[in-house]
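Architecture and fold: a report
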Amino acid sequence: MPAFLITGGGRLARVVFSPAGTRLAWLSFGEDGFFGRIRTWDVEQDRQTGETISAPFAFSHLKYSSDGRLIMVRAGAGWMAWDAATGQVRHGNPQDPDR
């Protein structure tokens, strides 16, 4: 397991594996002024994958889509989804999750 997952700043809130078990995603709060931060890790290659996803509001209920292509979180009153490989937003508004 990556050392900074355990010792990094902020509070670890959720950890989930992709459906294939080859990637790990974790959600933390309170790092660098952000309320929500998601990182992904390739378990087989022992390295971070994609970009870190950050937002100025809290996330909850982290999960992968059934095909492992999206990372989804509860954000405000709605759901947001990012491409698990690139970190690009696929659903929701990162500036206002209630829209």
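Residues numbered from 1 in each chain as written. Predicted model: local features only at pLDDT ≥ 70, side-chain atom pairs only at ≥ 80, totals over all residues. Heavy atoms only, no water.

**Examining the pairing of strand β2 (residues 23-29)**
Our working definition: Accessibility here uses a 1.4 Å probe with only protein chains present; expressed as a share of the type maximum, an area under 20% marks a residue as buried, one over 50% as exposed, and anything in between as partly exposed. Secondary structure elements follow DSSP: runs of H or I of four or more residues count as helices, runs of E of two or more count as strands, with numbering from the N terminus. One requirement defines pairing of two strands: DSSP has to find at least two bridges between them.
For β2, the tally of buried residues reaches six of seven residues, placing the bulk of the element in the interior. Sheet topology note: the strand β1 (residues 11-17)/β2 ladder contains six bridges and is antiparallel. Across the sheet, phenylalanine 17 pairs through a bridge with leucine 24, a residue of β2. The antiparallel pairing of β1 with β2 creates a hairpin that spans five residues between the two strands, and glycine 21 there sits at a positive phi of about 80°. Bridging between β2 and strand β3 (residues 36-42) involves six bridges; their strand directions are antiparallel. In the strand pairing of β3, leucine 24 is matched with tryptophan 41.

**Overview of the pattern of salt bridges**
Our working definition: For this document, the term salt bridge refers to a Lys or Arg side-chain nitrogen within 4 Å of an Asp or Glu carboxyl oxygen.
Throughout the structure, instances matching the rule amount to one salt bridge. Two residues, aspartate 83 and arginine 90, come together in a salt bridge whose shortest N-O distance is 3.4 Å. Note on arginine 90: relative accessible area 48%, which makes it partly exposed.

**Comments concerning the packing of aromatic side chains**
The cut-off we apply is this: Here is the rule: rings of Phe, Tyr and Trp (six-membered ring for Trp) pair when centre to centre is within 6.5 Å. Planes less than 30 degrees apart are stacked, more than 60 are edge-to-face, and the remainder are tilted.
Evaluation of the coordinates by the stated rule reveals one aromatic pair. Look at tryptophan 26 and tryptophan 41: their rings are 6.3 Å apart centre to centre, the planes differ by 50°, and that puts the pair in the tilted class. Of this pair, tryptophan 26 sits in strand β2 while tryptophan 41 sits in strand β3, placing them 15 residues apart in sequence. A relative accessible area of 2% means that tryptophan 26 is categorised as buried.

**Overview of the nonpolar core**
Heads up, the rule is: Nonpolar core, defined: a set of buried Ala, Val, Leu, Ile, Met, Phe, Trp, Tyr and Cys residues in which side-chain atoms within 4.5 Å join the residues together. In what follows, residue pairs with any heavy atoms lying within 4.5 Å of each other are defined as contacts.
Core analysis: the largest hydrophobic core is formed by 15 residues, its most contacted members being Ile38, Phe59, Leu62, Ile71, Val73 and Trp82. Ignoring any residue separated from it by four or fewer positions in sequence, one finds phenylalanine 59 in contact with Leu27, Phe29, Gly36, Arg37, Ile38, Val73, Arg74, Ala75 and Trp82.

**Quick word on unusual backbone geometry**
Phi at aspartate 46 is positive, roughly 55°, even though this residue is not glycine. Residue position: aspartate 46 is located in the loop between β3 and β4 (47-55).

Keep in mind these values describe shape, not function.
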